[in-house]
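Architecture at a glance
This is what each chain is made of:
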Amino acid sequence: MYQKAADKGNICAQTVLGRLYLVGDDSIGFMTDESKGIALLTQAADKGHGDAINQLGWCYFEGKGVEGDKEKARQMWEKAASMGHAESEFDLATSMGSLRDPQLALPYLKGAAEKGHTVAIGVLGEWYLRGYGVEQDDHRGVQMCTLAAKRGHAEAIVSLALHVLKDSEGAEDNRQAREYLEVGAEQGNTTALLELGRLYRAGIDGIPADYTKAARYLQEAADGGEYGALIVLAFMYEREEGFPRDEEKFKALLLQAGEAGELEGYYHLACWYTRHNDHKKGGYYLFLAAEGGDLVAQGALLHCYRSGYGMFPIDEAKFAFWKRHWRIAE
């Protein structure tokens, strides 16, 4: 059906077929053919189809079926955005890494949000709540996050929950935040799972501590890739919170977290070995955390070189070198 429509010049069919050829789909008998995919998308894009232009932008961005060219990708997204294509504006805000530069991202993010792009609305709402790249405006942030949450954007739901907890006036607010987090967790959002685990571990007004629930949520978060949850679980084992004290499990979870990129795991492992007078291992994990970018570990390592501690003798040359390397101010 799509093929016949595409052969007759239907730009929607050309765009759908182009995408299918790019990725292939054995279930409906489509083998991957990137050259055909690019040709069909180009036909639709030349006739002004926004989705086709956007998809071609991604092809240039990723080097799929064409030679990679990020400037060409940007130009194509700019073209689609000028035609009112919200997804392209959002891609301009995010794909070039520009969310780390809010002044660069903000015009595109606002443009996508004004066109009704759900994720853009949620991200911009979070920015207003945090005062990131924009003047802090809790009222506007809550409005935008609420709208995005109603459309099913889990990250916006989590932003609302954390905002409510930050300004909580007691049990009613805390339970409202928990409800938001539960909605996010049901959608598989790992941050929501992590925050629920923290809530039930700590216990707050209106939400009594429940170590069984805490451990379940934390494990689900870790299984979903939120490896900071492993650190929280580790301390539950060390402090006998729902588990018998198990320092081997404590160390194993911290190591797992560190190896997964949560450098705080290495830092806490360094602290444990140092407390138990194994300065060699303590120094090893401290250096792993510091060189990986953990700011607390960097400060601790510099202190060791300056004052002489554990396996680190006083060494002003190393102190000065690593201080410059990590660009740490006085």
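Preceding this section is the structure that the text describes.
First, a word on scope: everything that follows refers to the structure included in this document. From a predicted model like this one, the values you see are computed outputs, not experimental measurements.

1. Remarks on the pattern of salt bridges
Per the stated rule, a full pass over the model turns up 14 salt bridges. Across the salt bridge formed by Arg201 and Glu241, the nearest N and O atoms sit 2.6 Å from each other. Here Arg201, found in helix α12 (residues 190-202), pairs with Glu241, found in the loop between α14 (228-238) and α15 (247-259); they are 40 residues apart in sequence, far enough to count as distant. Two residues, Glu248 and Lys251, come together in a salt bridge whose shortest N-O distance is 3.2 Å. Separated by three residues within a single helix, Glu248 and Lys251 lie in helix α15, roughly one turn from each other. One connected set of salt bridges, linked through shared partners, spans Glu71, Arg74 and Glu78.

2. Regarding helix α19 (residues 316-325)
Within the sequence span of α19, burial applies to Phe319, Trp322 and Lys323. When α19 is viewed along its axis, its buried side chains cluster within an angular range of 105 degrees and face the same direction. Exposed side of α19, more than 90 degrees from the buried face: Ala317 and Arg324 are the residues found there. Once α19 finishes, Arg327 follows within two positions and takes phi at roughly 55 degrees, a positive value.

3. Let's talk about the packing of aromatic side chains
In this description, an aromatic ring pair is defined by two values, namely the gap between the centres and the angle between the planes. One pass over the full model with this rule turns up 14 aromatic pairs. Measuring from ring centre to ring centre gives 4.0 Å for Tyr237 and Phe243, while their planes differ by 15 degrees; the resulting arrangement is stacked. By relative accessible area, which is 16% here, Tyr237 ends up buried. Taken together, the ring pairs in this structure connect Tyr266, Trp272, Tyr273, Tyr284 and Tyr285 into an aromatic cluster. In this structure, Arg216 packs its charged tip against the face of Tyr217, placed 4.7 Å from the ring centre.

4. With respect to the layout of surface pockets
Reported here for the largest pocket is a volume of approximately 190 Å³. Considering the residues around the largest pocket, the lining is formed by 15 residues, among which Thr274, Leu286, Ala300, Cys304 and Tyr309 are closest to the centre. The set of elements that each furnish at least two residues to the lining of the largest pocket consists of α16 (263-275), α17 (279-292) and α18 (295-307). In terms of residue class, the lining of the largest pocket is built from nine nonpolar, six polar and no charged. As a volume, the second largest pocket reaches approximately 160 Å³.

5. Examining the environment of Met144
In this structure, Met144 sits in helix α9 (residues 138-150). Classification of Met144 as buried rests on a relative accessible area of 15%. For the pair Met144 and Ala45, spaced 99 residues apart in the sequence, the C-alpha separation amounts to 32 Å. If near-sequence neighbours (up to four positions away) are discounted, Met144 is found in contact with Ala113, Ile121, Leu124, Gly125 and Tyr128.

6. Quick word on the packing of α12 against α14
Here α12 crosses α14 at 20 degrees, and the two axes come no closer than 10 Å. Judged by the inter-axis angle, α12 sits roughly parallel to α14. In the crossing of α12 with α14, the sense of the turn from one axis to the other is left-handed. Here Leu194, Arg198 and Arg201 of α12 lie close against α14, whose contacting residues are Gly228, Ala229, Val232, Phe235 and Met236.

7. Here we look at the packing of α17 against α18
At a minimum axis separation of 8 Å, α17 and α18 run at an interaxial angle of 125 degrees. With respect to their mutual orientation, α17 and α18 come out oblique. Here α17 and α18 pass one another in a crossing that is left-handed. Of the residues in α18, those touching α17 at Leu286, Phe287, Ala289 and Ala290 are Ala297, Gln298, Ala300, Leu301 and Cys304. Residue classes in the contact of α17 with α18 are distributed as eight nonpolar, one polar and no charged.

Rules of the game
Residues numbered from 1 in each chain as written. Predicted model: local features only at pLDDT ≥ 70, side-chain atom pairs only at ≥ 80, totals over all residues. Heavy atoms only, no water. Salt bridge = Lys/Arg side-chain N within 4 Å of Asp/Glu carboxyl O. Helix = DSSP H or I, 4+ residues; strand = E, 2+ residues; numbered from the N terminus. Buried < 20%, exposed > 50% of the residue type's maximum accessible area, 1.4 Å probe, protein only. Arc of directions from axis to C-beta. Phe/Tyr/Trp six-rings, centres within 6.5 Å; stacked < 30°, edge-to-face > 60°. Lys NZ or Arg CZ within 6 Å of the ring centre and 35° of its normal. 1 Å grid on protein atoms, 1.4 Å probe; cavity = no way out; pocket = protein on both sides within 12 Å on 5 of 7 lines; lining within 4 Å. Points joined across faces, edges and corners; volume = space filled by probe spheres on them. Nonpolar A, V, L, I, M, F, W, Y, C, P; charged D, E, K, R; others polar. Contact = heavy atoms within 4.5 Å. Axes fitted to C-alpha atoms, helices over the stretch in contact; angles between N-to-C directions. Parallel < 35°, antiparallel > 145°, perpendicular 65-115°, else oblique. Left-handed = near helix turned anticlockwise from the far one by under 90°.

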